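Chain residues, written in single-letter form:
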Amino acid sequence: METGRGRGDTLISMAEQPAISVAGLWQVFGSDAASAFRRAQDEGGSSRDIAGRLEERGYIPAVRDACFEVAEGELFVIMGLSGSGKSTLLRGISRLVEPTAGHVSIEGEDILAASKARMTELRRSRIGMVFQHFGLFPHMSVIDNVAFPLKVGGMGRRERHDKVQCIIEMVGLKGREGAYPRELSGGQRQRVGIARSLAGDCSVWFLDEPFSALDPLIRRQLQDEFLDIRARLNTTIVFITHDIAEALKLADRIAIMRDGEIVQIGTPADIVLHPVDDYVREFARDVVRGRHAKVGSIMRADDDRAANGTPGLRPDMTLEDALATCMAHYEPVAVYDDGGNLLGTVDPQDIASALKADCG
């Protein structure tokens, strides 16, 4: 099976169960797609062979043999060009559309075997979802929009308002509880959508291009606020975007899709420094490597060649920040963790090589 894992991708340790596990997921569109898929699969070959047969027969394989895992608390970004299958993949994982084939588990539960009633329960209690279009109720105030999932669950008005007040404050809408959507800016309306998705104390959060309809300044502000919210929560996040800068800013790991297929999975540094092909390389072409690649991505395990008297580096420093320290030395510079323990070294030449594309 083609996993789509790229260079530098570190598999999640199975010592702990992943929060989300996706294996062999296909989403095929067309009349009686499930039967057509089984026939194409029975004829053998790779996933690309199967997809090719389906296309020849007039079907659309929108997601092709997707395989990945997301660790508890991880922010996993799926990105690609328009039509690459990223939103369709998210809808399959969350059962907003029924996948044609494959396996999906969320926190150990087989999602594709769950009844409709069980999926409704999960969306109310464990799975939060935010989409590009806010979907707010125009006749409801901010606090009633945010508390709506709790109302559906049968919670009383006073109790649900008390419960969501801290969420409203978290997303920066304190003082706007009584406002209606028509009285809010686009950024404020999106904050309401984010708050509503958190009202049910979700442990898994799906976001489909939540900021793409906003102007650049508000978008950057919401990204910063999103990271702040994420730091307060122990929530597993799958985030869809077509913007490489947004992906690099937010992600722990990134999956890049093309024509329904995952072509590379890796950390932001992996995507920037080690693209698997020209398609991924084109995404990262205008990225300033030194601002996204970290010292840990080029650190050497040997620790006996570090220059004496250097202040040292940290593995989470960007190469741009590390460059200033290394410029004064012709010898490798030590890398320490927060406790002062020696982790390895970084050779100034390695930083120069990693940054070379930014200077060309």
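Described below are features of the structure shown in this document. This is a predicted model, so every value here is computed, not measured.

In this section: the pairing of strand β1 (residues 20–29). The element β1 is largely enclosed, with a buried count of seven among its ten residues. Inspection of the sheet shows β1 paired to strand β4 (residues 101–106) by five bridges, in the antiparallel sense. Each residue of the ladder has a partner; that of alanine 23, found in β4, is histidine 103. In the sheet, β1 pairs with strand β2 (residues 60–70) via seven bridges, with the strands oriented antiparallel. Bridging across to β2, isoleucine 20 finds its partner in valine 70.

For the pair helix α1 (residues 33–42) and helix α2 (residues 47–56), interaxial distance at closest approach is 9 Å and the crossing angle is 130°. With respect to each other, α1 and α2 are oriented oblique. Once α1 is placed against α2, the crossing between them reads as right-handed. Along its contact with α1, which presents Ala36, Phe37, Ala40 and Gln41, the element α2 presents Ile50, Arg53 and Leu54. Partitioning the contact of α1 with α2 into residue classes produces five nonpolar, one polar and one charged.

What follows concerns the sheet that holds strand β9 (residues 253–258). Reading across the sheet, the six strands line up as β6-β7-β8-β3-β9-β10 and stay open at both edges, with mixed pairing between neighbours. Each edge of the open sheet is held by one strand with a lone partner, namely β6 (127–131) and β10 (261–266). Between one strand axis and the next, the sheet turns through 15° on average, direction left out of account. The pairing of strand β7 (residues 204–208) with strand β8 (residues 236–241) spans five bridges and is classified as parallel. By the bridge assignment, phenylalanine 206 is partnered in β8 with valine 238. Across the sheet, helix α3 (residues 86–93) is in contact with β3 (75–80), β6, β7, β8, β9 and β10; its angle to β7 comes to roughly 150°.

Let us now look at the pattern of salt bridges. Summed over the entire model, instances satisfying the criterion amount to 21 salt bridges. Measuring nitrogen to oxygen at the nearest pair gives 3.6 Å for the salt bridge that ties aspartate 144 to arginine 157. Placement of the pair is aspartate 144 in helix α5 (residues 142–152) and arginine 157 in helix α6 (residues 157–170), with a sequence separation of 13 residues. Close ionic contact of arginine 232 with aspartate 228 constitutes a salt bridge, the shortest N to O distance being 2.6 Å. With a gap of four residues between them, arginine 232 and aspartate 228 both fall in helix α8 (residues 216–232), about one helical turn apart. Under the relative-accessibility criterion, aspartate 228 is labelled partly exposed at 37%. Bridged by salt links that share partners, the residues Glu107, Glu109, Arg118, Glu121 and Arg126 form one connected network.

Bringing the packing of α5 against α6 into the picture now. Direction vectors running N to C along α5 and α6 enclose 115°, while the axes themselves pass 9 Å from each other. Taken as a pair, α5 and α6 cross one another with a handedness that is right-handed. Along its contact with α5, which presents Val142, Ile143, Asp144, Val146, Ala147, Leu150 and Lys151, the element α6 presents Arg157, Arg160, His161, Lys163, Val164, Gln165 and Ile168. Grouping the amino acids of the contact of α5 with α6 by side-chain chemistry returns seven nonpolar, two polar and five charged.

What follows deals with the pairing of β3. Burial analysis of β3 places six of its six residues in the buried class, which makes it a mostly covered element. Residues Leu75, Val77 and Met79 point to one face of β3 and Phe76, Ile78 and Gly80 to the other, with burial holding for every one of them. In this structure, β3 lies alongside β9, joined through five bridges in parallel fashion. Paired with methionine 79 across the two strands is isoleucine 256, which belongs to β9.

Our next topic: the packing of aromatic side chains. What the rule picks out here adds up to eight aromatic pairs. Their ring planes at 10° and their centres at 4.9 Å tell us that phenylalanine 68 and phenylalanine 76 sit as a pair that is stacked. No difference in accessibility class separates phenylalanine 68 from phenylalanine 76, as the two residues are buried. Ring geometry for phenylalanine 211 versus phenylalanine 239: centroids 5.9 Å apart, planes at 55°, classification tilted. Taken together, the positions of phenylalanine 211 in the loop between β7 and α8 and phenylalanine 239 in strand β8 put the pair 28 residues apart, joining distant regions of the chain.

Rules used throughout
- Residues numbered from 1 in each chain as written.
- Predicted model: local features only at pLDDT ≥ 70, side-chain atom pairs only at ≥ 80, totals over all residues.
- Heavy atoms only, no water.
- Buried < 20%, exposed > 50% of the residue type's maximum accessible area, 1.4 Å probe, protein only.
- Helix = DSSP H or I, 4+ residues; strand = E, 2+ residues; numbered from the N terminus.
- Pairing = 2+ DSSP bridges.
- Axes fitted to C-alpha atoms, helices over the stretch in contact; angles between N-to-C directions.
- Parallel < 35°, antiparallel > 145°, perpendicular 65-115°, else oblique.
- Left-handed = near helix turned anticlockwise from the far one by under 90°.
- Contact = heavy atoms within 4.5 Å.
- Nonpolar A, V, L, I, M, F, W, Y, C, P; charged D, E, K, R; others polar.
- Salt bridge = Lys/Arg side-chain N within 4 Å of Asp/Glu carboxyl O.
- Phe/Tyr/Trp six-rings, centres within 6.5 Å; stacked < 30°, edge-to-face > 60°.

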